[in-house]
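What follows is each chain in one-letter form.
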Amino acid sequence: MCGIIGYVGGREAYPILVKGLHRLEYRGYDSAGVALCNSIGELNIYKAKGRVSDLEDFCKSKDTVGTMGIAHTRWATHGEPSNVNAHPHYSESENLALIHNGIIENYAVLKEQLLQKGYHFQSSTDTEVLVQLIEYVKELNHVDLCTAIQLALGQVVGAYAIAVIEKGNPDMMIAARKSSPLVLGIGRDEFFIASDASPIIEYTNRVIFLEDEEIAIVRRHEQPKIVTIGNVEKTREIIQLEMSLGQLEKGGYPHFMLKEIFEQPRTLRDCMRGRVNVECNNVVLSGIIDNKERFVNAKRIIILACGTSWHAGLIGEYLFEEFCRIPVEVEYSSEFRYRNPLIYPDDVVIAVSQSGETADTLAAIELAKESGAFVYGICNVVGASIPRNTHSGSYTHVGPEIGVASTKAFTAQLLVLSMMALCIAREKKTLDEKRFLKLLIELDAIPAKIESILGNNDLIQNLSNTFTYAHNFIYLGRGYNYPVALEGALKLKEISYIHAEGYPAAEMKHGPIALIDSEMPVVAIATDNGMYEKVISNIQEIKARNGRVIAVVSENDTVVKGIADYVIEVPVTEDCFDPLLTTIPLQLLSYHIAVNKRRDVDMPRNLAKSVTVE
Ligand code: F6R
């Protein structure tokens, strides 16, 4: 949801800002802009509808000199993608330039007040209201920029990460945040602010994660100062990040998504490292061990998430109920937060999020905490808001996921949920030791099994040619594979723009079967597990109505191979770990269909990686 970056230092700002925007483009990509302040304090803003590359083209003939600047890549909320709605926005006098990620909820009221004071607005954005408000407050009260920002933010309802620079002041940038992420990078006599560390890491790994309602005053040649909106000075710890530049590049793959699909054997090994120990017959997640009483005594687990992470949560429900015998509810964070839910102090809430910044999940976490529940986060991004706002948690450790459609983060979420379930089951003694060891050995073998599935990439690519022009798809699965069907359908929708729905296979006959005809491809997950026979019956029902079936089957399968039109094989595993394998061919199928359709696989239309608005 919009990426922001700012720079103050000794180098030319423009190349750093544009490179940073490319790294942040996954957050939003409908328009982009940059504001530069040169050494005599002149302020220039350039903006372009489209991608960051369109901004670069536009700027070729422009004066981009300046060692301080701010830049933005947008995911439209208020006002269509256009040059005028792109950020940065000027204030009325054009003395201030501001970029913003988030939503100013009371912008309409503030705008009306400013219109009455004679302010004019060029754009339809909520952001322009904020920069005008800051200028208005500054002039009215004859205060400096920082005080004006504090006073203005005091009037704002909503979420923001902002950066502001001022004409005539080439040495100072001010940034602030509430409910939208903001990282401050501390280099050698140069400073960065950004929505995440990806554009900073090339220059420094020393960062400070700003907290809600904090303001960073970044002055050339001085250490940044952090104050709150209420003007209380804060000391924040500088964190050394371990991220590497290679993780942010495509490494020879045509798309980040394909790279991330192929990284999964390694990312899952990384995620298990130091946690799963087959020799010692043990799974150790420190977040669970340190809080084992909470988990052992939990009367209920509530899993909160959105999108793909919610699908992981559904599989978590099966895992916790089977292994730990704890009742589980899985909720969309966006519904949970507004429905006055019953939450008890002996509930354990698990929030699942790749980005750790999803606005609805953050709000749902706050609600759960207010009711006294213990909140555990599963997150990929180190230092993100969710790990900082939960009582404990586990990182998925898969490195940055840049493709907008989640792949490696999803499988790592499944792995963490599996390890959690095993760890809690051991503490609760709800699994016998023999079964525990068998599961552990199987979990350890999953990365190698994924490697063998990835070896089918060419076959899946060929298969994708047959289905590129389908208008609809149905995905079916049962048991542990039902959420995989949902996830397979979501992946296809997101990147190919083909309409797809996932169902529990047995639900077909309760309505959706009316959709089946010879035009309808049905992806059925029919691996050799406890639901195998049942899924075969469901496939027969589809075939009897001329549906075209692509089945994901186990390597040893003989029956489904004789019924389905096409099959993709996966190795055999325990039922509970099937999703870790069956997900992979569905990721590849979506990817190849999207590539055939010439879609922008890594940045599909209308989407953004990190959903920081509700
Ligand atoms: C789909 C996808 C989204 C996210 C959802 C939640 O590929 O990535 O559905 O899963 O927006 O995001 P996180 O996991 O960051 O909370």
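Refer to the preceding data block for the structure.
This write-up is about the structure you can find in this document. (Residues numbered from 1 in each chain as written. Predicted model: local features only at pLDDT ≥ 70, side-chain atom pairs only at ≥ 80, totals over all residues. Heavy atoms only, no water.)

Some remarks on the pattern of salt bridges
A full pass over the atoms with the stated rule returns 36 salt bridges. A cluster of three or more residues bridged by salt bridges with shared partners is formed by K259, E263, R266, D270, R273 and K408. (Salt bridge = Lys/Arg side-chain N within 4 Å of Asp/Glu carboxyl O.)

Digging into the sheet that holds strand β6 (residues 96–104)
Judged by pairing direction, the sheet is antiparallel, and its seven strands sit side by side in the order β5-β6-β7-β8-β12-β13-β14 without closing on themselves. At either end of the open sheet lies a strand with only one pairing partner, and these are β5 (89–90) and β14 (233–234). With six bridges connecting them, strand β7 (residues 158–166) and strand β8 (residues 169–178) associate as antiparallel partners. Bridge pairing links A163 to A175 in β8. On the sheet, helix α5 (residues 145–154) packs against β6, β7, β8, β12 (214–219) and β13 (225–228) and is oriented at approximately 160° with respect to β7. (Pairing = 2+ DSSP bridges. Helix = DSSP H or I, 4+ residues; strand = E, 2+ residues; numbered from the N terminus. Contact = heavy atoms within 4.5 Å. Axes fitted to C-alpha atoms, helices over the stretch in contact; angles between N-to-C directions.)

Quick word on the pairing of strand β26 (residues 548–554)
Counted residue by residue, β26 has six buried out of seven residues, so it is predominantly covered. Pairing of strand β25 (residues 521–526) with β26 involves six bridges; the strand directions are parallel. Looking at the pairing, V523 lines up with I550 of β26. This β-α-β element, β25 to helix α18 (residues 532–543) to β26, shows right-handed connectivity. Pairing of β26 with strand β27 (residues 566–570), which is carried by five bridges, proceeds in the parallel orientation. (Buried < 20%, exposed > 50% of the residue type's maximum accessible area, 1.4 Å probe, protein only. Right-handed = clockwise from strand over helix to strand, strands pointing away.)

Things to note about the site of the ligand
Taken together, 14 residues surround the ligand, and among them S309, S353, Q354, S355 and T358 come closest. A distance of 2.8 Å separates an oxygen atom of the ligand from a polar side-chain atom of K491. For the ligand, whose free accessible area comes to 400 Å², the fraction covered by protein is 90%. Going through the elements one at a time, α10 (307–324) and α17 (482–496) are the ones with two or more residues in the shell around the ligand. Take the shell around the ligand: its biggest share by element is three residues, from α10. Partitioned by chemical class, the residues of the shell around the ligand number four nonpolar, eight polar and two charged. (Near = heavy atom within 4 Å. Polar contact = N/O pair within 3.5 Å; in protein donor to acceptor, adjacent residues only side chain to side chain. Areas by Shrake-Rupley, 256 points an atom, 1.4 Å probe, with all protein chains shown as cover. Nonpolar A, V, L, I, M, F, W, Y, C, P; charged D, E, K, R; others polar.)

Here's the deal with the environment of E128
By secondary structure assignment, the location of E128 is in helix α4 (residues 127–141). Exposure remark for E128: the relative accessible area of 3% places this residue in the buried category. Separated by 20 residues in the primary sequence, E128 and A148 have C-alpha atoms spaced 15 Å apart. Residue contacts for E128: discarding those within four places in its chain leaves H89, Y90, H120, F121, Q122 and S123.

Any functional reading would require information that these geometric values do not contain.
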